[in-house]
Amino acid sequence: MSDTAAGTEPLPILLLNGPNLNTLGVRQPEVYGAATLDDVVDLAERTATELGFGLRAAQTNHEGQMIDWLHEARGQVSGIVINPAAWTHTSVALADALVIPDVPIMEVHISNVHKREAFRHHSYVSPLAAGVIAGYGIRGYEFAIRRLVELVG
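Residues numbered from 1 in each chain as written. Predicted model: local features only at pLDDT ≥ 70, side-chain atom pairs only at ≥ 80, totals over all residues. Heavy atoms only, no water.

## A closer look at the side chain of T88
Here comes step 1: Within the secondary structure, T88 is located in the loop between strand 3 (79-83) and helix 4 (92-98).
Here comes step 2: Setting aside residues no more than four positions away along its own chain, T88 makes contact with E107, H109, H122, S123, Y124 and V125. (Helix = DSSP H or I, 4+ residues; strand = E, 2+ residues; numbered from the N terminus. Contact = heavy atoms within 4.5 Å.)

Printed below as a string of structure tokens:
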């Protein structure tokens, strides 16, 4: 989707974070670490900029808002990095919306969901994603952006 070959700026990367990720640094630091959502966005912006891409970042605790953002993203972004949080395991509606932008998707989880409760082992997003990164803390966002840029480059 990016148009770097023609010498124009590529479309930005969309970074989406789902429910409760606004409480990073406070909620269960033994699981999610001490970094905040601002730290996540800062790391993602630095990584995207280093690679020649802009970044649009958003977080919501409201599933309909996330779905609206995905509808609006069609034709507006190069790719999506998403941490759907709990919606990973529950939302068919989110999975349905993720195909609408028609761009590569990278799924990120700060914790290793496969070492946690059994219900966290299933993802409605993973079958749609070009890659899944879990268990690397907030560095997973950096890895996801780097891989996404390779895919759209």
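## Some thoughts on the UniProt feature "site: Transition state stabilizer" (unreviewed entry) in the protein
Here comes step 1: Per the UniProt record, the feature "site: Transition state stabilizer" (unreviewed entry) sits at R27.
Here comes step 2: Residues in contact with R27, not counting those within four places in the same chain, are N20 and Y32. (UniProt positions renumbered as here; feature names shortened; annotations may be inferred.)

## Quick word on the packing of helix 2 (residues 37-50) against helix 5 (residues 139-152)
Here comes step 1: At their nearest, the axes of helix 2 and helix 5 sit 9 Å apart, and the two run at 25° to each other. Put simply, helix 2 runs roughly parallel to helix 5. Handedness of the helix 2/helix 5 crossing: right-handed. Judged by residue contacts, V40, L43, A44, T47, A48 and E50 of helix 2 engage R139, Y141, E142, I145 and R146 from helix 5. (Axes fitted to C-alpha atoms, helices over the stretch in contact; angles between N-to-C directions. Parallel < 35°, antiparallel > 145°, perpendicular 65-115°, else oblique. Left-handed = near helix turned anticlockwise from the far one by under 90°.)

## Examining the sheet that holds strand 3
Here comes step 1: One open sheet accounts for 5 strands, arranged 2-1-3-4-5; its pairing is parallel. Looking at which strands have only one partner, the edges of the open sheet turn out to be strand 2 (55-59) and strand 5 (131-134). Mean inter-strand twist for the sheet, computed between neighbouring axes without regard to direction, equals 15°.
Here comes step 2: Judged from the 5 bridges that link them, strand 1 (residues 13-17) and strand 3 form a sheet pairing that is parallel. Looking at strand 3, one finds that L16 is bridged to I82.
Here comes step 3: Seen against the sheet, helix 2 touches strand 1 and strand 2 and runs at an angle of roughly 165° to strand 2.
Here comes step 4: Packed onto the sheet, helix 5 meets strand 1, strand 2, strand 3, strand 4 (105-109) and strand 5 and runs at close to 170° relative to strand 4. (Pairing = 2+ DSSP bridges.)

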